[in-house]
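# Geometric and topological summary
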Amino acid sequence: MQDRSARRRPRIATAVLAAVAVLGSAVLSGCDSDGDGTAEGAAAGKRKPPAAGPVWDRSPKSLAAVGDSITRGFDACSVLTDCPEVSWATGTDNMVRSLAVRLLGEPEAAARSWNHARTGARIAELPEQMALAAKEKPELVTVMIGANDACRDSVRYMTPVADFRSSFETAMRQLRAGAPEAQVYVSSVPDLMRLWSTGRDKELVKRIWSLGVCRSMLSDPDDMGAEAVARRASVQKRVVAYNEVLRDVCAKDTRCRYDGGAVFAYPFTGAQLSQWDWFHPGRDGQARLAEIAYRNVTAERPPA
């Protein structure tokens, strides 16, 4: 896969040890009236019905990925390192079978997919990534971003929902300026509260998290005091709000498909998370993301 990502690393990670769209033509009514014999009926019978919107192409022939460390395969192969070969979107790993491989086949995926995601990226960077993706003229762009906007040292540093919306809208405009016919598949932000619930009873995991992984959610995982509970609830509420933004903005674009909250709802287990940080998806987790994406991209109808 062609790799255009910058080589910077996120702050939280450094603390860790271990379809072509087709427009329907307007069809004129074959009658001069609607059968009631009135002038109003005749006028109504001559009106053009609305033109059909673009048809979702379930087998796009090229793919560009934008987003954050999850799409870069960070910490999936070794500690503090990107591993784009296992990326759910554009990777080449046989175990993962990325979305690009599933859609295009291995030879075409190598030549016709691009990964512009960056480890540590937040939504404010997405317009820049979308502009890079647009230059490739891809038939499909995948988006997975938002976890870093919620995973901050403190809840007060989380990206405001209004800013998150503005950046995503700007990113979509950037894409449309350079690739107006590209389809967009948007993944929901993972459920960080479920991640805390999954790992909080494991001593090794808690020691890893104590080094600075997603402090807003994962710091002091055993603390069940009112302040800690409220902190986690604030992060969860913000993630839900981000997903609502992704859904709503995507719904306004006729060539965009949101995953319906599938990634947020997926119950990742320890076996599917990185052994280095118990936060990023490992190979098996990346494979699950690829499965979800392929199912939704190739479905006849968008997710509910």
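No experiment lies behind these values; they were computed from the predicted model shown. (Residues numbered from 1 in each chain as written. Predicted model: local features only at pLDDT ≥ 70, side-chain atom pairs only at ≥ 80, totals over all residues. Heavy atoms only, no water.)

## Topic: the pattern of salt bridges
Applying the stated criterion to the full structure yields 13 salt bridges. When the shortest N-O distance is used, the salt bridge between Arg165 and Asp248 registers 3.9 Å. Taken together, the residues span a long stretch of sequence, with Arg165 in helix H8 (residues 161-178) and Asp248 in helix H12 (residues 226-251) at a distance of 83 residues. Since its relative accessible area comes to 27%, Arg165 is described here as partly exposed. A single network of salt bridges, built from pairs that share partners, joins Arg165, Arg247 and Asp248. (Salt bridge = Lys/Arg side-chain N within 4 Å of Asp/Glu carboxyl O. Helix = DSSP H or I, 4+ residues; strand = E, 2+ residues; numbered from the N terminus. Buried < 20%, exposed > 50% of the residue type's maximum accessible area, 1.4 Å probe, protein only.)

## Concerning the confidence of the model for the protein
For the protein, mean pLDDT is 87; residues scoring 70 or higher make up 83% of the total. The low-confidence segment residues 4-47, where pLDDT is below 50, has 78 contacts with residues more than four positions distant or belonging to other chains. (pLDDT = per-residue confidence, 0-100. Contact = heavy atoms within 4.5 Å.)

## Side note on the layout of surface pockets
Taken as a whole, the second largest pocket encloses approximately 170 Å³ of empty space. Considering the residues around the second largest pocket, the lining is formed by Trp56, Arg247, Cys250, Ala251, Thr254, Cys256, Arg257, Tyr258, Gly260, Pro302, Pro303 and Ala304. In terms of residue class, the lining of the second largest pocket is made up of 8 nonpolar, 2 polar and 2 charged. (1 Å grid on protein atoms, 1.4 Å probe; cavity = no way out; pocket = protein on both sides within 12 Å on 5 of 7 lines; lining within 4 Å. Points joined across faces, edges and corners; volume = space filled by probe spheres on them. Nonpolar A, V, L, I, M, F, W, Y, C, P; charged D, E, K, R; others polar.)

## Notes on the packing of aromatic side chains
Inspection of the entire model under this criterion finds 2 aromatic pairs. Relative to Tyr242, the ring of Phe164 lies with its centre 4.1 Å away and its plane at 10°, an arrangement referred to as stacked. Here Phe164, found in helix H8, pairs with Tyr242, found in helix H12; they are 78 residues apart in sequence, far enough to count as distant. Look at Tyr266 and Phe268: their rings are 4.8 Å apart centre to centre, the planes differ by 65°, and that puts the pair in the edge-to-face class. With relative accessibility at 22%, the residue Tyr266 sits in the partly exposed group. (Phe/Tyr/Trp six-rings, centres within 6.5 Å; stacked < 30°, edge-to-face > 60°.)

## Some remarks on unusual backbone geometry
One non-glycine residue, Cys214, adopts positive backbone phi at about 45°. Classification of Cys214 as buried rests on a relative accessible area of 0%. Even without glycine at this site, Trp278 takes up a positive phi of about 50°. Structurally, the position occupied by Trp278 is in the loop between helix H13 (262-265) and helix H14 (283-298).

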